[in-house]
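# Coordinate analysis (summary)
Chain by chain, the residues:
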Amino acid sequence: MRNRALFLDRDGIINHDYGYIATRERFHFIDGIFEVCRQALAKNYLIIVITNQSGIARGLFSLDDFHKLTAWMHDQFKEHSIAITQVYFCPHHPDGKLPEFSIICSCRKPKPGLFLKAAQEHQIDLNQSIMVGDKARDLIAAQAAGVGARVLMADHPCEAATHVISSHLHLIKLL
Ligand SMILES: [Mg+2]
Ligand SMILES: [Zn+2]
């Protein structure tokens, strides 16, 4: 049987988005995220993070900075007894500063590349899975990949979203 996943955008869903978060000092978990993840695990969802990190292409922080912050984030979840299956990220931006990352890629949301890669690597049934994001491009990417439930956490609708919610507590009901 294939797995189902709870896909989470990072900035704006796991942590508050102050723009280009690269240090733990600026990484503040949003209330309710641990409870959402606990409930998702109890219902046998894999938890997978799908995040654009153009700060890497823009030279604002390094790949190494990103990996260190990600390792710390995994540890914080573990302290809450939550195992994140994997973090998929796009380091690119077409107008970046670092040539190796300044490309038009197929992984930066709204492109579906990261979802497709995750689905292949973890045998995920995308149609039975959920994506939660705070920007239209999160849900456009999920729709292009075939993710069945697409949840926008925002105070405005978007065409690619199947649900619009205003807090993590509402998310628990959708699992
Ligand atoms: Mg976001
Ligand atoms: Zn990319």
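See the structure above.
Now for a quick tour of the structure.

Quick look at the coordination of the zinc ion (ligand 2) now. Six octahedral donors at a metal ideally form angles of 90 or 180 degrees, and four tetrahedral donors ideally form angles of 109.5 degrees. In the first shell of the zinc ion (ligand 2), the protein supplies Cys90 (SG), His92 (ND1), Cys105 (SG) and Cys107 (SG), at 2.1 to 2.3 Å from the metal. Note that the zinc ion (ligand 2) binds 4 donor atoms; their angles at the metal cover 102 to 116°, and the shape is tetrahedral. Motif for the zinc ion (ligand 2), donor spacing along one chain: C-x1-H-x12-C-x1-C.

This brings us to the nonpolar core. Among the nonpolar cores identified, the biggest contains 37 residues, and Leu6, Leu8, Ile14, Phe29, Met73, Phe77 and Val132 are the most heavily contacted of them. Residue assignment for this core shows that the elements contributing at least two residues are β1 (4–8), α1 (33–42), β2 (45–52), α2 (63–79), β3 (86–90), β4 (130–133), β5 (149–153) and α5 (168–174). In contact with Ile14, not counting residues within four places along its chain, are Leu8, Asp9, Phe27, His28, Phe29, Ile30, Ile33, Val49, Met73 and Phe77.

Taken as a whole and assessed by the stated rule, the structure comprises 8 aromatic pairs. Between Phe29 and Trp72, the ring centres sit 6.0 Å apart and the planes meet at 35°, which makes this aromatic pair tilted. Taken as a pair, Phe29 in the loop between β1 and α1 and Trp72 in helix α2 lie far apart in primary sequence, 43 residues in all. Here the two residues Phe29 and Trp72 agree in accessibility, since each one is buried. If you follow Arg4 out to its NZ or CZ, it ends over the ring of Tyr45, 4.0 Å from the centre.

Quick look at the sheet that holds β4 now. In spatial order, the strands read β3-β2-β1-β4-β5-β6; together these 6 strands make up an open sheet with parallel pairing. At either margin of the open sheet sits one strand with a lone partner, and together these are β3 and β6 (163–165). Pairwise comparison of adjacent strand axes, ignoring direction, gives a mean angle of 20° for this sheet. Bridge analysis of β1 against β4 gives 3 bridges, and the strand direction is parallel. Bridging across to β4, Phe7 finds its partner in Met131. Of the strands in this sheet, β1 and β2 touch α1, which is tilted by about 135° from β2. Set on the sheet, helix α4 (residues 136–145) makes contact with β2, β4 and β5; between it and β5 the angle comes to about 175°.

With that settled, consider the environment of Asn15. Position of Asn15 among the secondary structure elements: in the loop between β1 and α1. Along the primary structure Asn15 and Glu35 are separated by 20 residues, whereas in three dimensions their C-alpha atoms are 14 Å apart. Leave out the neighbours within four places in its chain, and Asn15 touches Arg10, Ile21, Phe27, His28, Phe29 and Ile30.

The next point concerns the pairing of β3. When you tally the buried positions in β3, you get 4 out of 5 residues, the bulk of the element. In this sheet, β3 lies alongside β2 in parallel orientation, the contact comprising 5 bridges. Note on β3: the bridge partner recorded for Ile48 is Gln86. At this point the chain moves from β2, through α2, to the parallel β3, and the crossover so formed is right-handed.

Rules and cut-offs
Residues numbered from 1 in each chain as written. Chains lettered and ligands numbered in written order. Predicted model: local features only at pLDDT ≥ 70, side-chain atom pairs only at ≥ 80, totals over all residues. Heavy atoms only, no water. Donors = N, O, S within 2.8 Å, 3.2 Å for Na, K, Ca; no water. Tetrahedral: all angles 85-135°; square planar, octahedral: opposite > 155°, others 65-115°. Core = buried A, V, L, I, M, F, W, Y, C linked by side-chain atoms within 4.5 Å. Buried < 20%, exposed > 50% of the residue type's maximum accessible area, 1.4 Å probe, protein only. Helix = DSSP H or I, 4+ residues; strand = E, 2+ residues; numbered from the N terminus. Contact = heavy atoms within 4.5 Å. Phe/Tyr/Trp six-rings, centres within 6.5 Å; stacked < 30°, edge-to-face > 60°. Lys NZ or Arg CZ within 6 Å of the ring centre and 35° of its normal. Pairing = 2+ DSSP bridges. Axes fitted to C-alpha atoms, helices over the stretch in contact; angles between N-to-C directions. Right-handed = clockwise from strand over helix to strand, strands pointing away.

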